Each structure stands twice: as C-alpha cells, then as structure tokens.
Amino acid sequence: ALPVIYAITPTYTRTVQKAELTRLANTFRQVPNFHWIVVEDSYTITDLVSSFLSTSGVQHTHLHVSTLLRYKRPRQPRGTEQRNAALRSLRLLRSRNDSGVVFFADDDNTYSLELFEEMRSTRRVSVWPVGLTGGRLYERPLVEKGRVVGWYTGWEAGRLFPIDMAGFAINLQVLLENPQAVFKRQGSKPGMQETDFLKQITRMEDLEPKASNCTRVLVWHTRTEKVNLGNEPKKQLDSVVIEV
Ligand code: UDP
Ligand code: MN
C-alpha cells in the first residue's frame, strides 16, 4: 500500500482563514492516502474549522493548542506549539507497522499535486526547492551526483539547513526513532525553526533530493494580503449572520 502522507497545518482565526483552508482542501482532496492534521492556534477547537473539516472530504485529525501571548509577537516563530502537538499525536497513535511520510503544510502556501507524488517515496528525509521564499524567486538544495552538497539561498546562508518549512518531508519512522525531536521556542532565532528541527534528525549528506534533483518548483511560499475591512459596519446591518 502507498505510505500515508501526513500533512501538518497550524492555523489561526482571521478573516482569510476559511478561504485559505478551502484552497488547501481542494488540493489535498485529490491526493490518495492523505491525512490532514489541522492544529488550531486557539484555546478550543472552533466551530468554523470543525464544520469545515467535516464536509471537506479530506481524512483529518483536528487538534488545538494556544500559543502563549508572549510569543505572539513579530520576529517570534509561528506555528511552533501547533506543529509539536501534531508530532506528539503521531508518536502516540502510530507505530513501527505504519508507513507514512510527514510534511509541514502552512495554510497560506500553494501546493502542486506533483509534490505529493515526489515526497511519497521519502525513505528518511527528503528535500526540494520552494518558490517565492528567502527574498528570491526560489531557494533550493544544490545537488551533485544525486546528493545534496549545498544550498542556493539569498538569506542567512550560514544556516545549517537554509530551507523553508515547506521544503522537506520526513519518513514517519524517523520521527518515531527520534522521539526528542521537536520545534524549539527557547533560543530559536527567526528563520532557524527548520535548521533547529532538521539537525536533530539528519545530516545534509543524508538528504534525499526530490523534484528532478531539486530543479523544479512544486510548492510556493505564497502569503495572503491582509483584507481591507474599512467598509465593514460597526454593528450587524445585514438581516442574516453569515460565516465567511
Ligand atoms: N500561525 C498560527 N498562529 C499565529 C500565526 C500563524 O498558527 O499566530 C500559522 C499560520 O496559519 C501558518 C503558519 O503558522 O500555517 C506559519 O505562519 P505564517 O504563514 O504567518 O508565516 P510565514 O508565512 O511568515 O512564514
Ligand atoms: Mn505563510
């Protein structure tokens, strides 16, 4: 059987949330053997996300964990506790007999269906280019003779793994073999989440290049513009209350 792809998505309440989740579900619904772990950054799971998921047509797990207020600041990494909650749940519920691949899918990115075909064969940790990131058109691992030997990046090139969250996948068994590997808050500088995590489970020499030796962009670090609500009435004016 095909290994299950577990996509971990931190998400939080905001005007564009349902639109983002709709875009993701429309992609994920088309991927066979797919399990979506949606982790809300909130004190409880919300009705909006619950009812959205129940009719999404995507197999899913719905979790929540609230980011501490003191971490809700610029330059603090986002989605940290949410990704860790998803990892905890996988480690609890999955075992040596389960074959799967784990991938971090932020709710605002854009995913090609081909990306999932590529990552499905991840034996340990695989990598590929990410479009529209690092202040460049793309960042990518540099590959020689089928091995990752360096990085094409425009930002903080000194990082051990200068790669976006959307640029790698991990075999489920690697997560189970490394139960201590988590995303770090303490001492984690902006842009270091990926490096801090990956160095706990792999070395550059062991990375598996995907997407034609990392020469094709199959995922984009898109970011959604903040919505202008300048004309939104202060009190309810419409005759019905509508979820957006
Ligand atoms: N996120 C979250 N809580 C927040 C801010 C962001 O759970 O307070 C989620 C967000 O929905 C996304 C991920 O964390 O899935 C990364 O956030 P964002 O896309 O804003 O980061 P960037 O694109 O700047 O890396
Ligand atoms: Mn984003």
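Anyway, here's the lowdown on the structure attached to this text. (Residues numbered from 1 in each chain as written. Chains lettered and ligands numbered in written order. Predicted model: local features only at pLDDT ≥ 70, side-chain atom pairs only at ≥ 80, totals over all residues. Heavy atoms only, no water.)

## Side note on the coordination of the manganese ion (ligand 2)
Inference 1: Protein ligation of the manganese ion (ligand 2) involves Asp108 (OD) and Asp108 (OD), the donor distances falling in the range 2.2 to 2.5 Å.
Inference 2: Within the secondary structure, Asp108 is located in the loop between β4 (100-104) and β5 (110-111). (Donors = N, O, S within 2.8 Å, 3.2 Å for Na, K, Ca; no water. Helix = DSSP H or I, 4+ residues; strand = E, 2+ residues; numbered from the N terminus.)

## Structural notes on the pattern of salt bridges
Inference 1: Evaluated as defined, the whole model comprises 13 salt bridges.
Inference 2: Here Arg14 ties to Asp107 by a salt bridge, and the two come within 2.9 Å at their closest N and O atoms. Residue Arg14 is located in the loop between β1 (4-11) and α1 (17-28), and its partner Asp107 is located in the loop between β4 and β5; the two are separated by 93 residues in the primary sequence. Both residues of the pair, Arg14 and Asp107, belong to the buried class.
Inference 3: In this structure, Arg203 and Glu205 form a salt bridge, with 3.9 Å as the shortest nitrogen-oxygen distance.
Inference 4: Linked through salt bridges whose partners overlap, the residues forming this network are Arg14, Glu20, Arg23 and Asp107. (Salt bridge = Lys/Arg side-chain N within 4 Å of Asp/Glu carboxyl O. Buried < 20%, exposed > 50% of the residue type's maximum accessible area, 1.4 Å probe, protein only.)

## Observations regarding the site of ligand 1
Inference 1: Taken together, 14 residues sit near ligand 1, with Pro10, Asp41, Arg78, Asp108 and Arg223 positioned nearest.
Inference 2: Between ligand 1 and Arg78, the relevant distance is 2.7 Å, taken from an oxygen atom to a side-chain nitrogen or oxygen of the residue.
Inference 3: Between ligand 1 and Asp107, the relevant distance is 2.9 Å, taken from an oxygen atom to a side-chain nitrogen or oxygen of the residue.
Inference 4: Notes on ligand 1: free accessible area 530 Å², of which the protein chains cover 86%.
Inference 5: The residue makeup of the shell around ligand 1, split by class, is two nonpolar, three polar and nine charged. (Near = heavy atom within 4 Å. Polar contact = N/O pair within 3.5 Å; in protein donor to acceptor, adjacent residues only side chain to side chain. Areas by Shrake-Rupley, 256 points an atom, 1.4 Å probe, with all protein chains shown as cover. Nonpolar A, V, L, I, M, F, W, Y, C, P; charged D, E, K, R; others polar.)

## Brief notes about the packing of α1 against helix α2 (residues 47-54)
Inference 1: Where α1 meets α2, the axes come as close as 11 Å, and the angle between the chain directions of the two elements is 20°. Here α2 runs roughly parallel to α1, going by the angle between their axes. The interaxial crossing formed by α1 with α2 has right-handed handedness. Within the contact between the two elements, α1 uses Gln17, Lys18, Leu21, Thr22 and Ala25 and α2 uses Leu48, Val49 and Phe52.
Inference 2: Across the contact of α1 with α2, the residue classes tally to five nonpolar, two polar and one charged. (Axes fitted to C-alpha atoms, helices over the stretch in contact; angles between N-to-C directions. Parallel < 35°, antiparallel > 145°, perpendicular 65-115°, else oblique. Left-handed = near helix turned anticlockwise from the far one by under 90°. Contact = heavy atoms within 4.5 Å.)

## Topic: the packing of aromatic side chains
Inference 1: Enumeration according to the criterion identifies 15 aromatic pairs in this entry.
Inference 2: Seen in terms of ring centroids, Phe183 and Phe197 are 4.3 Å apart; in terms of plane orientation they differ by 10°. Their pairing is stacked. With Phe183 in the loop between α5 (172-177) and α6 (193-198) and Phe197 in helix α6, this residue pair connects regions lying 14 residues apart in the sequence.
Inference 3: A relative accessible area of 4% means that Phe183 is categorised as buried. (Phe/Tyr/Trp six-rings, centres within 6.5 Å; stacked < 30°, edge-to-face > 60°.)

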